[in-house]
Amino acid sequence: MPDEMSRPLIRGRGGGGGSRHLEASVSEPGAPVIGILGTGDFSRSLARRLVASGYQVVVGSRIPKRSVALFPEEAEVTSQMEAANQADLVFVAVFPEHYSTLVELKPALAGKTLVDVSNGLQINREGPSIAEQLADLFPESFVVKGFNTISAWALQVGPRDGSRQVFLCSDSQKAKSSVMQLCHRMGFIPIDMGLLSSAVEIENLPLYLFPSWRIPVLCTLSLFIFFYLYNFLHDVLQPFVTAGKSSFYKMPIETVNVTLPSVALVMLALVYLPGLCAAFLQLWWGTKYKRFPNWLDQWLTRRKQFGLCSFLCAVLHAIYSLCLPMRKSAHYKLIDVVFKQVKDGKEVSWDDDAVWRMELYLSAGIMALGLLSLLAVTSLPSVANTINWREFSFIQSTLGYCALSMATVHTLLFGWDRAFDPARYHFYLPPTFVLVLILPLMVLLGRLALFVPCVASRLRQIRRGWEKSRHIRFILPDDDCRNGLEDVSNVVASQQIIWKLFRRI
Amino acid sequence: MPDEMSRPLIRGRGGGGGSRHLEASVSEPGAPVIGILGTGDFSRSLARRLVASGYQVVVGSRIPKRSVALFPEEAEVTSQMEAANQADLVFVAVFPEHYSTLVELKPALAGKTLVDVSNGLQINREGPSIAEQLADLFPESFVVKGFNTISAWALQVGPRDGSRQVFLCSDSQKAKSSVMQLCHRMGFIPIDMGLLSSAVEIENLPLYLFPSWRIPVLCTLSLFIFFYLYNFLHDVLQPFVTAGKSSFYKMPIETVNVTLPSVALVMLALVYLPGLCAAFLQLWWGTKYKRFPNWLDQWLTRRKQFGLCSFLCAVLHAIYSLCLPMRKSAHYKLIDVVFKQVKDGKEVSWDDDAVWRMELYLSAGIMALGLLSLLAVTSLPSVANTINWREFSFIQSTLGYCALSMATVHTLLFGWDRAFDPARYHFYLPPTFVLVLILPLMVLLGRLALFVPCVASRLRQIRRGWEKSRHIRFILPDDDCRNGLEDVSNVVASQQIIWKLFRRI
Amino acid sequence: MPDEMSRPLIRGRGGGGGSRHLEASVSEPGAPVIGILGTGDFSRSLARRLVASGYQVVVGSRIPKRSVALFPEEAEVTSQMEAANQADLVFVAVFPEHYSTLVELKPALAGKTLVDVSNGLQINREGPSIAEQLADLFPESFVVKGFNTISAWALQVGPRDGSRQVFLCSDSQKAKSSVMQLCHRMGFIPIDMGLLSSAVEIENLPLYLFPSWRIPVLCTLSLFIFFYLYNFLHDVLQPFVTAGKSSFYKMPIETVNVTLPSVALVMLALVYLPGLCAAFLQLWWGTKYKRFPNWLDQWLTRRKQFGLCSFLCAVLHAIYSLCLPMRKSAHYKLIDVVFKQVKDGKEVSWDDDAVWRMELYLSAGIMALGLLSLLAVTSLPSVANTINWREFSFIQSTLGYCALSMATVHTLLFGWDRAFDPARYHFYLPPTFVLVLILPLMVLLGRLALFVPCVASRLRQIRRGWEKSRHIRFILPDDDCRNGLEDVSNVVASQQIIWKLFRRI
């Protein structure tokens, strides 16, 4: 046997399900002893992981005898005082409301590093963070806030499946460094967030519930309600009021199926509108160094969410449309048409106009849906990570505008000549598709305007640093080196999002 | 030229396709020389990667002349004895059955680190691992097991696309550390698995074939066969036996289309049932510190697979349903209905009841499918990694129960009043949907029971450590800090899965 | 307060949106001062990240006063000369065309490390790279090329969402090491690409536009055009020419709907054909050590792209097919059929043959689509990373051949007996499905041939090193250890792709 192999501390069995898959790893002499106060899920997962990474672990529990069976053999389960004495670095894995019960351990923990892994129950907007309260209780220990965003599950399966980043902050650089080293060894990536006053932000991180989706989802719901009421008024109420015709059966599917594509198309136009606004603002100001209004800034950062909401509506619209021939109402109407034709003795029923209209707008619709699917797939994080900036820009910008154009063509073909048919103006309200087409056509015209050579070249100059006030071209050599390939909208987006480091976007 | 630049060892061309994209990186003086015994795919990929990471590589081959052309110029290809002499750390990239042929290299390899990268051909449940056999052959070398889960492809494209984790184990801590350092430099994440006796588990890792999917897939198949036979009996056989009506054409599509939603709904109920069982068990025991039965534990860890099987069946059901109007059988039946109506001279055929039934259950079905899609998308690993615990819980728990409710409503609306129509009881067997609704309704009622205030508050107390036996509230301060936001079912799940570190789940 | 806490340099506010989420991290004494020349988006993102990782940052701008407001408080914004003097390591974040304006900083930058983060505007195939030009301008500084593939966005949100890999190359090992250390601390993974002459390749990396997709997409488009013209000739032109029947309405949807499945099936066959070619070549040569022709090599590396193009066409075909009953043309034709039948007084219209044909080929089609979806989902990078080699091989190979078989069965059932009906041979051209079936049937027969026991065992021997020329079994012990489980086609693929390290695949 080679002689430098240290004798193993504990040759354990690994526990659980009869599996022998984990043996004690010999700890390096000099590696810190890690203590864990607490015996819940997180403690157990953390103990397992520390043991697997080669650390010596001692767990402090109030009732050691009951907890021993739950921990791996390599970890020593003892009283809290004993654990606090043995350990060099201690994870405080107890509920925040019980921190005060640990006060008796103060002498044992003096001069040691305490890691606060707790989470609050609600978003903390004022008042001290839990980590700062712990620091007040233990003024002679060095408190590091961290690991609160890592779930017990992620500790178990390793960073392969769970999130890898561990946000740390502390007033003590030395304590923070030792916790960072621990992270690296466990396979996580530590992110330094600064002093302990950043703990509020770290504690709030796992409490957000899709903060960047609120505005897009609200927008979608508002548009849905608006268009549903409009269509209800137009297609169901007006025939009922004027001709006594009962079309209320249309409400679950047909009216929804006119509402969904309206919402989808307007939301899709709203994805590309802020980029155009930004470009025109820059052309107006003649410089790219002026900051955008806050609303435009917010809008630019949420374009992906707008796009995904639009895609969801588009897919649901497709499914609803495919369901239309299946319904009993469609059957009955078809039967009545046939009956009428038989009575009239008409041998061939063929309306070339109607046939071509449907063939064309269905084609355009399917192509638009296909292009939107490509955009949606490349929004997936793993796919987005494998493509570079030029490819991402090609898909989201070029193919995106193609999708918007195709969807607009689909709506125009669906409209055909109905905009000019006065019978379709119920209560003097135009058919829905007329209303829907306003915004997308504006966006497409605006984009075409940016293709005009003089406008395009001026915009390119502005992005490379030209400023109208100075009348000097290329005077500022210190511009972003990446502009050559970035889409205008994306450049100005990154300008404004710089203040959101680590914020949920 | 700056003076500390060491003279390059070999300025090579990089080979292949005329690309000049890789030049020799100057190796640090003092960096270990890495040897590779073997000239297969893995050897070549490994040599390329080591060279690109700045190491000096020497490859040992039995027929050096033939292999030189296949390796990059920076790597030196020589005889096995020569490679063993030059190298400090040796990768043994040969078939396990040929380890005995390397015995002559024993003196040259004494005191050096050997990395065993081989895989077995089948899962090894007893007997020594390949690494342990290698260690027996070379008792004076330090054997490290590792890299067997990394494919040649992952070595090539780098950890960006392939899996990043490298599982290592060894009896020698020093050898393990040097291999870990090598991993880091190549861009991989080393995971310490302990002593060499863990090699069995590491060698088995790449041999599993979806171990966590077996039970869900078996369950799906059994349910499918059961419901298909039930529907066949009910819809095809009974009319044939009693009335001589031949409906065998229904077997490929219509019968399947009644079977798939049944399977989907029952599987979806089975996703949420274990969580309820766990909650009720905890309420019954009055404590959360008692371990669950093994079957419940296993079930809780497979909920995601149950859900994805349910989603697949639901999507197939949707596609089959959308295909129904397209079929020739549907055409012929429609034609016959019209013919009959024309003969009867009925001018308008409209059954308000049938129309509303279909409109409503189609709506409910599409909404259920949309919600299930959201659940499926957030199951993707990359999407799951970008959302935090609270968001994941919201989607999988809240939206999940909404999906289950909507699917149950869909089935109830489909049933409408048919449960009360005796003509639909063939052979005294109820229509399929009656059978299918039992389990989902139980699950939904159970979940509603957990909403009752006293029950909900008792459960919350139990999860925060209250124990009936002690009649003391909050006596145990050392509980998991994360409970405030976790869904009951997920908490108890993590309790039990702690023993499965690194096991395929 | 613990005494080793260094006094903070700057206690800043973090800026933006009123968020207090980032405080100055105390820099370690001895950590290098990082300078950034330039004030564009990249500079700002980089400054934020360096500050958050604990470095002291000084930014050099030509107009310091204007730029101060845009940078975080912890970063010092000053003149370029001042920044060059203070910093130890300098990021040159200016446009390449302005490098010459920095010449005056040469004395200040002598002996320091310069990091060139610029990108070119087009792929550079000859001529020196931008990094080499910078090195010529500053011969006394050590130029490191890196960070050009990291977008400002990735710097902001951290490596969680953006790409993590940073490609570095430099002639100075010491400079490269310090930049690598910087990478690690910021949470990125540095990849050593060698000497500065590799800078060309690194600068070209972000300029590629889907290089591996060109051939598959071209192939898809060519097949689409070919089959569309063939179908147009067969279904639209021939009836028009011979019988004057106008079927031009078929062009948007029906003709496309016969073209898409043809393209999908041929592309799917092209996914599995190269693997068979490789296997047969190896059997012919009797060895696995001979290199494949270049075209086969290229084809083998693009199989995933071929498969995904096939999947897209298959999905579009499904959507087009589901749209068929919805169209007005379908309505009119149905109405005419009913009318005709009513006139003929035929009470029951039922063609058992036609009914069964449609039920069966629809079933087969849906099953093929389901299997293809499984293949597509496992192609997603995040899903592919969670499954091991054996599972990946099972899905892509076993299930893949099942999908190909099912799609072939679908086409055969669609054909039914139409191949034997002379009326369907327009202009002596066979119906499209006859043409389409040639390649898939060849592939399936070829694969069956490989199942023949003697052929299969010979192939297995060859893969384990047997060579016909030597007539010796297992003479070569130095083969890839992973062959036992790999599918033939995948083994030979990896053989050839070894020269493409870091190339876009």
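Residues numbered from 1 in each chain as written. Chains lettered and ligands numbered in written order. Predicted model: local features only at pLDDT ≥ 70, side-chain atom pairs only at ≥ 80, totals over all residues. Heavy atoms only, no water.

Caption draft 1: Seen up close, the overall build of chain A. Summing up its helical and strand segments, chain A has 19 helices and eight strands in all. Considering chain A as a whole, with its 505 residues, one finds that 61% of them fall into the buried category. Partitioning the contacts of chain A with sequence separation of at least 6, the portion at a separation of at least 24 is 72%. (Helix = DSSP H or I, 4+ residues; strand = E, 2+ residues; numbered from the N terminus. Buried < 20%, exposed > 50% of the residue type's maximum accessible area, 1.4 Å probe, protein only. Contact = heavy atoms within 4.5 Å.)

Caption draft 2: Looking closely at the nonpolar core. Counting 182 residues, the largest nonpolar core has Leu404 of chain A, Leu404 of chain B together with Leu404 of chain C as the members making the most contacts within it. When sequence neighbours within four positions are dropped, the list of residues in contact with Leu404 of chain A reads Leu265, Leu268, Ala269, Tyr272, Pro440, Val443 and Leu444 of chain A. (Core = buried A, V, L, I, M, F, W, Y, C linked by side-chain atoms within 4.5 Å.)

Caption draft 3: Structural context of the sheet that holds strand S3 (residues 76-78) of chain B. Residues and elements named next belong to chain B. Judged by pairing direction, the sheet is mixed, and its eight strands sit side by side in the order S3-S2-S1-S4-S5-S6-S7-S8 without closing on themselves. At either end of the open sheet lies a strand with only one pairing partner, and these are S3 and strand S8 (189-192). If you compare each strand with its neighbour and ignore which way they point, the axes differ by 25 degrees on average. (Pairing = 2+ DSSP bridges. Axes fitted to C-alpha atoms, helices over the stretch in contact; angles between N-to-C directions.)

Caption draft 4: Inspection of the pairing of strand S1 (residues 33-37) of chain B at higher detail. Residue and element names in this part refer to chain B. Most of S1 sits out of view: five of its five residues are buried. Here S1 shows a buried face lined by Val33, Gly35 and Leu37 and a second buried face lined by Ile34 and Ile36. Pairing between S1 and strand S2 (residues 56-60): five bridges, direction parallel. From the neighbouring strand, Leu37 faces S2, where its bridge partner is Gly60. Following the backbone out of S1, through helix H1 (residues 41-52) and into the adjacent parallel S2, one traces a crossover that is right-handed. Summarising the sheet, S1 and strand S4 (residues 89-92) pair through four bridges and their orientation is parallel. Among the inter-strand pairings, Ile36 is bridged to a residue of S4, identified as Phe91. (Right-handed = clockwise from strand over helix to strand, strands pointing away.)

Caption draft 5: Representation of the UniProt feature "domain: Pyrroline-5-carboxylate reductase catalytic N-terminal" (unreviewed entry) in chain A in the model. Residues annotated by UniProt as "domain: Pyrroline-5-carboxylate reductase catalytic N-terminal" (unreviewed entry) correspond here to residues 34-120 of chain A. From the first C-alpha to the last, residues 34-120 of chain A spans 24 Å; its make-up is 31% helix and 23% strand. (UniProt positions renumbered as here; feature names shortened; annotations may be inferred.)

Caption draft 6: Highlighting the packing of helix H10 (residues 251-285) of chain B against helix H16 (residues 389-415) of chain B. All names here are of chain B. Here H10 crosses H16 at 135 degrees, and the two axes come no closer than 10 Å. Taken together, H10 and H16 sit at an angle that is classed as oblique. Crossing angle aside, the handedness with which H10 passes H16 is left-handed. Together, Leu265, Leu268, Ala269, Tyr272 and Leu276 of H10 and Gln396, Gly400, Tyr401, Ala403, Leu404, Ala407, Thr408 and Thr411 of H16 make up the contact between the two elements. Residue composition of the contact of H10 with H16, by class: nine nonpolar, four polar and no charged. (Parallel < 35°, antiparallel > 145°, perpendicular 65-115°, else oblique. Left-handed = near helix turned anticlockwise from the far one by under 90°. Nonpolar A, V, L, I, M, F, W, Y, C, P; charged D, E, K, R; others polar.)

Caption draft 7: Structural context of the pattern of salt bridges. Residue and element names in this part refer to chain A. Tallied over the full model, the rule gives 19 salt bridges over all chains. A salt bridge links Lys340 to Asp344, with the shortest nitrogen-to-oxygen separation between them at 3.5 Å. Of the two residues, Lys340 and Asp344 both sit in helix H13 (residues 328-344), four residues apart, roughly one turn of that helix. When its relative accessible area of 53% is taken as the criterion, Lys340 is described as exposed. On the basis of relative accessibility, which here comes to 53%, the residue Asp344 falls in the exposed class. (Salt bridge = Lys/Arg side-chain N within 4 Å of Asp/Glu carboxyl O.)

Caption draft 8: Highlighting the domain arrangement of chain A. Looking at the assigned domains, one finds that chain A contains domain 1 (34-207) and domain 2 (213-340 + 350-468). Once you take the C-alpha centre of each, domain 1 of chain A and domain 2 of chain A turn out to be 50 Å apart. (Domains from an automatic or database assignment.)

Caption draft 9: Seen up close, the sheet that holds strand S2 (residues 56-60) of chain A. Residues and elements named next belong to chain A. One open sheet accounts for eight strands, arranged S3-S2-S1-S4-S5-S6-S7-S8; its pairing is mixed. What marks the edges here is a single partner per strand, and that holds for strand S3 (76-78) and strand S8 (189-192). In this sheet, adjacent strand axes meet at a mean angle of 25 degrees when their direction is disregarded. Of the pairings in the sheet, the one linking S2 to S3 comprises three bridges and is parallel in character. Looking at S3, one finds that Val59 is bridged to Val77. Sheet strands touched by helix H1 (residues 41-52): strand S1 (33-37), S2 and strand S4 (89-92). Its angle to S1, the strand with the most contacts, is close to 170 degrees.

Caption draft 10: Geometry of the pairing of strand S5 (residues 113-116) of chain C. Residues and elements named next belong to chain C. Burial of S5 is two-sided: the residues Thr113 and Val115 facing one way and the residues Leu114 and Asp116 facing the other way are all buried. Pairing between strand S4 (residues 89-92) and S5: four bridges, direction parallel. When the bridges of S5 are listed, Val90 appears paired with Leu114. Here S5 runs beside strand S6 (residues 142-145); their pairing, made up of four bridges, is parallel. Bridging from a neighbouring strand, Asp116 pairs with Lys145 of S6. Read from S5 through helix H5 (residues 130-137) to S6, the crossover connection turns out right-handed.

Caption draft 11: The arrangement of the environment of Asp136 of chain A in detail. Along the polypeptide, Asp136 of chain A turns up in helix H5 (residues 130-137). Here the alpha-carbon distance between Asp136 of chain A and Tyr361 of chain A, two residues 225 residues apart in the chain, equals 68 Å.

Caption draft 12: Helix H14 (residues 352-379) of chain C, seen in detail. Taking 1.5 Å per residue, 28 residues should reach 40 Å; H14 of chain C reaches 41 Å between its end C-alpha atoms and fits that length. When you tally the buried positions in H14 of chain C, you get 20 out of 28 residues, the bulk of the element. (Expected span 1.5 Å × (residues − 1).)

Caption draft 13: Expanded view of H5 of chain A. When H5 of chain A is considered as a whole, its buried residues turn out to be Ile130, Ala131 and Leu134 of chain A. Down the axis of H5 of chain A, the buried set is contained in an arc of 100 degrees. They therefore lie on one face. (Arc of directions from axis to C-beta.)

Caption draft 14: Representation of a nonpolar patch on the surface in the model. Residue and element names in this part refer to chain C. Taken together, Leu233, Phe240, Val241 and Phe427 make up a surface patch of nonpolar side chains, about 340 Å² in accessible area. Tracing the backbone shows Leu233 in helix H9 (residues 214-243). Judged by its relative accessible area of 30%, Leu233 falls in the partly exposed class. (Patch = residues over 30% accessible without salt bridge, like charges linked within 9 Å, V, L, I, M, F, W, Y side chains within 5 Å. Areas by Shrake-Rupley, 256 points an atom, 1.4 Å probe, with all protein chains shown as cover.)

Caption draft 15: Examining the packing of aromatic side chains more closely. A full pass over the atoms with the stated rule returns 42 aromatic pairs over all chains. Arranged with centres 5.2 Å apart and planes meeting at 80 degrees, the rings of Tyr361 of chain B and Phe414 of chain B form a pair that is edge-to-face. With Tyr361 of chain B in helix H14 (residues 352-379) and Phe414 of chain B in helix H16, the pair connects residues that are 53 residues apart, well separated along the chain. Put simply, the rings of Phe226, Phe227 and Tyr230 of chain A pair up and form one aromatic cluster. The positively charged end of Arg418 of chain B is found above the aromatic ring belonging to Phe414 of chain B, 5.6 Å away from the centroid. When the ring centre of Tyr401 of chain B is taken as origin, the NZ or CZ atom of Arg447 of chain B, which lies over that ring, is 5.1 Å away. (Phe/Tyr/Trp six-rings, centres within 6.5 Å; stacked < 30°, edge-to-face > 60°. Lys NZ or Arg CZ within 6 Å of the ring centre and 35° of its normal.)

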